[in-house]
Amino acid sequence: MENLIQLSYEVDGDDFTRAGEASANVKKSLRKLGVPPEVIRKVAIALYEGEINMVIHAEGGVIDVEISPEHVTMVLKDHGKGIADVEKAMQEGYSTAPDEVRSLGFGAGMGLPNMKKYSDEMEIDSTVGVGTTVTMTVYIP
Amino acid sequence: MTVLEMAKELHLEIISKGEAEVREIHGVYCCDLLSIVMGRAKADDAWITVMGNINAVAVAVLADVSCIVLSEGMGIDEESIAKAQEQDVCILKSDLPTFELSRKIAEFCAL
C-alpha cells in the first residue's frame, strides 16, 4: 500500500483574502487522517505564514505538501525577489512588509520566526532576483 | 465553560455562531497583530481583538482558538462573516474595551 499523500497548491500573489486556502486544506486532510491536533496546529501555522509571505513578498508561488505516516513535508517555491539577508529575516520583529500589509495585521516580523518555531526542520534556499524555496518538515510522533 | 454560555452570560453579540455550543474556553489571548497571535495564542483560547477581517478568521481556524471576540465595538465585513460561518468559526462582539472584556471573560471562566 502506498502511504504517501501528495498535495499541490498555487498561491495567488494578488489575493490576500485567499491566502490560507492551502493551509486550511492541508489541515482538513490531516484531520481526516487522524493526525494529532498539536501536529496539525504546527503544520497549519507554519504553512499559513509561508503562504502569507508568498503573497506579500513574492507575488505568489507553488506549495507542494507530502504527507507520510512519519512526517509532513512542505516545499514553498516562489520566483519573487529573494531574501538578501536570511539571518536578518529570521530575527523576530524584522520586516520589510509594506504599510498596507501592516494595516491588515501582518508585517510584525514574525513570519519566518514562526515558521521556524512550528516546523521541526526548516531550510531556506534563496537567491536575490531569482526566488526562494523554503522546505519545512513537521514530524508525526 | 462553553463559548455560548459565556456569550450569553456576558451579553456578547453573536455574529457567527460556529461551534460555540461545543467549544470550551481554556484561556484568553489579546493581540491584534496576526503573526503574533498565530505564534502565541493557544488552542481553545478566547481571542480578543479589534482586527475584524478575513485574515483574522483564517488565523482563528489555524491557531484553533475557541472564538474571536471583537472588542471596542469593532465590526467585521460580510465576506469575513460568510467565511467564518463556512469554517465554523465563532465570532462574538462587545462594546467593552479590550482590558475590561478580557477581565470579565477571565473572571467568568474562572481562569
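An unreviewed UniProt entry lists chain A under the name ATP-binding protein, with Massiliimalia timonensis as the source organism.

J.: What am I meant to see in the interface of chain A and chain B here?
T.: It is common to give the size of an interface as the accessible area that goes away when the parts come together. Contact residues are listed per partner, giving 21 residues for chain A and 22 residues for chain B. Summed over both partners, the interface of chain A with chain B buries about 1800 Å², with 54% contributed by carbon and sulfur atoms. For the chain A face of the interface with chain B, the top three residues by lost area are Thr17(A), Arg41(A) and Tyr48(A), together amounting to 28%. On the surface where chain A and chain B come into contact, there are one salt bridge.

J.: Could you clarify how one ought to interpret the nonpolar core in this entry?
T.: Among soluble globular proteins, nonpolar side chains are generally buried collectively. Counting 67 residues, the largest nonpolar core has Ile63(A), Val65(A), Met74(A), Trp47(B) and Ile91(B) as its most contacted members. Here this core gets twelve residues from one element, more than from any other, and that element is helix 2 (residues 37-58) of chain A. Listed in part, the 17 residues of the second largest apolar core include Val3(B), Ala46(B), Cys90(B) and Leu92(B).

J.: Explanation requested: the pattern of salt bridges in the structure shown.
T.: Once their charged atoms are close, side chains differing in charge can pair, the charge on each being opposite to the other. Going through the model one piece at a time under the given rule, you end up with ten salt bridges over all chains. For the salt bridge of Glu21(A) with Arg18(A), the shortest nitrogen-to-oxygen distance reads 3.4 Å. A relative accessible area of 39% places Arg18(A) in the partly exposed class. In this structure, Arg103(B) and Glu107(B) form a salt bridge, with 3.2 Å as the shortest nitrogen-oxygen distance. Linking Arg103(B) with Glu107(B), this pair stays in helix 5 (residues 98-108), spanning four residues, or about one helical turn. Judged by relative accessible area, Glu107(B) falls into the exposed class, the value being 55%. Where salt bridges share partners, they join Asp12(A), Arg18(A) and Glu21(A) into one cluster.

J.: Just to check I follow, could you spell out the sheet that holds strand 2 (residues 27-30) of chain B for this structure?
T.: What links the strands of a sheet is backbone hydrogen bonding, and the strands pair in either a parallel or an antiparallel sense. All names here are of chain B. Strand order in the open sheet formed by five strands is 1-5-4-3-2, with mixed pairing between adjacent strands. Edge positions in the sheet fall to strand 1 (13-16) and strand 2, since each of these pairs with one other strand and no more. Between one strand axis and the next, the sheet turns by 25 degrees as a mean value, whatever way the strands run. Here strand 1 runs beside strand 5 (residues 91-93); their pairing, made up of three bridges, is antiparallel. If you follow Ile14 over to strand 5, its bridge partner there is Leu92. Sitting on the sheet, helix 5 touches strand 2, strand 3 (45-49) and strand 4 (67-70), and the angle it makes with strand 2 is about 170 degrees.

J.: How do you make sense of the UniProt feature "domain: Histidine kinase/HSP90-like ATPase" (unreviewed entry) in chain A when you look at a structure like this?
T.: Mapped onto this structure's residue numbering, the UniProt feature "domain: Histidine kinase/HSP90-like ATPase" (unreviewed entry) falls at residues 19-137 of chain A. End C-alpha atoms of residues 19-137 of chain A are separated by 20 Å, and the span's content is 42% helix alongside 25% strand.

J.: Which parts of the structure should I look at to understand the environment of Ser16(B)?
T.: Residue and element names in this part refer to chain B. By secondary structure assignment, the location of Ser16 is in strand 1. Once the C-alpha coordinates of Ser16 and Ala82 are considered, the two residues, 66 residues apart in sequence, prove to be 8.4 Å apart. Ignoring sequence-local partners within four residues, the contact set of Ser16 consists of Ala84, Gln85, Val89, Cys90 and Ile91. At 2.7 Å, the side chain of Ser16 and the backbone oxygen of Val89 are in polar contact.

J.: Where do I start with the environment of Pro113(A) in this structure?
T.: All names here are of chain A. When you line up the elements, Pro113 lands in helix 5 (residues 111-118). Sequence-wise, Pro113 and Thr135 are 22 residues apart; in three dimensions their C-alpha atoms are separated by 14 Å. Apart from the residues within four sequence positions on either side, Pro113 is in contact with Ala89, Met90, Gln91 and Glu92.

J.: So what exactly am I meant to see when it comes to unusual backbone geometry here?
T.: Note: most peptide bonds trans; most residues except glycine with negative phi. Residues and elements named next belong to chain B. In this structure, His11 is a non-glycine residue whose phi angle is positive, near 55 degrees. One can find His11 in the loop between helix 1 (3-9) and strand 1. The exposure class of His11 is exposed, given its relative accessible area of 71%.

Scoring rules and cut-offs
- Residues numbered from 1 in each chain as written.
- Chains lettered and ligands numbered in written order.
- Predicted model: local features only at pLDDT ≥ 70, side-chain atom pairs only at ≥ 80, totals over all residues.
- Heavy atoms only, no water.
- Contact = heavy atoms within 4.5 Å.
- Buried area = accessible area lost by both parts, 1.4 Å probe.
- Salt bridge = Lys/Arg side-chain N within 4 Å of Asp/Glu carboxyl O.
- Core = buried A, V, L, I, M, F, W, Y, C linked by side-chain atoms within 4.5 Å.
- Buried < 20%, exposed > 50% of the residue type's maximum accessible area, 1.4 Å probe, protein only.
- Helix = DSSP H or I, 4+ residues; strand = E, 2+ residues; numbered from the N terminus.
- Pairing = 2+ DSSP bridges.
- Axes fitted to C-alpha atoms, helices over the stretch in contact; angles between N-to-C directions.
- UniProt positions renumbered as here; feature names shortened; annotations may be inferred.
- Polar contact = N/O pair within 3.5 Å; in protein donor to acceptor, adjacent residues only side chain to side chain.

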